[in-house]
Every structure is written in C-alpha cells, then in structure tokens.
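Next come the chains, spelled out residue by residue.
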Amino acid sequence: MWIDPDWLEEKCDECVCALCFGVMVEPASACVEVHSFCRGCYVKALVGQKKCPACRRPVADESKLARNRQLEGIIGKLRLRCEHGEKREEAGGPPAAKRAKLAPAASMTAETLKKELLHRGLETVGNKAEMEARLEEDRKQGAGCKWKGRVGGLA
C-alpha cells in the first residue's frame, strides 16, 4: 500500500523510499551502508543488477535483504494528516477548527483526486468523473479512510 509522504503530520525524510517516493513499506537493506528501501522496491531494483540502488556496492541477492526493524518502529508511530482520525484533539492532533476543509471532488485535479482515493483505500481506475463520483459516494457514507490517522498496522 503506497502512502504519500505529504499525508504525514511531521516530515520524516528517512521514512521515504528513494525508489517509489512513498513512505517505506517493510523497510529492508542488503548493503553494508544499511541503505533502506521498501522490500518490494529493493527486490525489483536487484533484478537487473546486484548492487545497492544508493551506493552501488555489490549485494548478493534478495535473500540477503534484512528487515530494518528500527525504521519499521519509527514508521509505525507516524501520524497521518487526515480528517478521518479518531479523537485527534485528544491524541495531540490539530483541533477540528484548524483541520483542512474537504475540497469538493469536482474542484480537485486528477492527481489530487487519485491521492484522496488511495488514502481512502478506493480504486483509482476510470475517468475523472467516475473517480469524482466514487469519492463523493464514499464521503456520503462517512467511511473516511481505514487508517484513522495512524500509519502503523497498514499492509
């Protein structure tokens, strides 16, 4: 599941995969410098060449990928900047008055619309009008996103 770093309440550069530019999913490393990437991104990068994508040092193969548990812990504690978070004021989030207002789906660019659909766990297929309708229907149901303001527990 790809997560846009712009959705994070606090900037976390070390949590962003340099290959897919999303928040890392299953951070892994195989080089001596411990450069970390999403496990899936790292495996794809190793297909063509057996080198670390960052430092270009040799890497045996994907079986040598080690989980970066410290980074997993940091990512698991990240909070999303999301209007769907439960009791955000009590959890230290911004008060309801300071949260961003929801823009009408029709006023969003196609890219922003896709990001909002991804955030809610909805399909991003179809033309812009179909995506707008999908988002508005989800808003009417009041479902919000499935993350409820937390990155931890995603997969």
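Predicted model, so just to flag it, every value in this text is computed and none were measured. (Residues numbered from 1 in each chain as written. Predicted model: local features only at pLDDT ≥ 70, side-chain atom pairs only at ≥ 80, totals over all residues. Heavy atoms only, no water.)

## A few points about the environment of Asp4
Spelled out, the test is: Helix and strand assignments follow DSSP, with helices taken as H or I runs no shorter than four residues and strands as E runs no shorter than two, numbered in order from the N terminus. Burial classes follow relative accessibility: with a 1.4 Å probe on protein chains only, a residue under 20% of its type's maximum area counts as buried, one over 50% as exposed, and anything between as partly exposed.
Relative to the helices and strands, Asp4 is located in the segment before β1 (27-29). The buried category is assigned to Asp4, whose relative accessible area is 4%. Here the alpha-carbon distance between Asp4 and Lys115, two residues 111 residues apart in the chain, equals 7.6 Å.

## Let's talk about the state of the cysteines
In protein chemistry, a disulfide is the covalent bond that joins the sulfur atoms of two cysteines. So the rule is basically this: Any cysteine sulfur atom paired with another within 2.5 Å is treated as part of a disulfide.
If you walk through the whole model with that rule in mind, you get one disulfide. This cysteine, Cys52, is not joined by any disulfide, and Cys31 carries the nearest cysteine sulfur, 3.7 Å off. Looking at Cys55, it has no disulfide partner, and the nearest cysteine sulfur is the one in Cys52, 3.7 Å off. A relative accessible area of 25% places Cys55 in the partly exposed class.

## Examining the environment of Leu71
For clarity, the cut-off: Contacts are assigned to residue pairs that have any heavy atoms within 4.5 Å of one another.
Note on placement: Leu71 falls in helix α2 (residues 69-76). For Leu71, a relative accessible area of 8% gives the class buried. Taking the C-alpha atoms as reference, Leu71 lies 8.9 Å from Met24; in sequence the two are 47 residues apart. Apart from residues no more than four positions distant in its own chain, Leu71 is found in contact with Glu14, Cys15, Met24, Pro27 and Ser36.

## Details of the packing of aromatic side chains
Rule in force here: Aromatic rings from Phe, Tyr and Trp, with only the six-membered ring used for Trp, were paired whenever their centres fell within 6.5 Å, and each pair was classed as stacked if the ring planes differed by under 30 degrees, edge-to-face if by over 60, and tilted otherwise.
With the rule as written, the count across this model stands at one aromatic pair. With 5.1 Å between their ring centres and 85 degrees between their planes, Phe37 and Tyr42 make a pair best called edge-to-face. Residue Tyr42 is classed as buried on the basis of its relative accessible area, which comes to 0%.

## Description of the sheet that holds β1
Condition: Paired strands, as defined in this entry, are two strands with at least two bridges between them according to DSSP.
Taken in spatial order, the three strands make up an open sheet running β2-β1-β3, and their pairing is antiparallel. Two strands lie at the open edges of the sheet, namely β2 (37-38) and β3 (66-67), each paired on one side alone. Sheet topology places β1 next to β3; two bridges connect them, and they run antiparallel. Counterpart to Ala28 in the pairing with β3 is Arg67.

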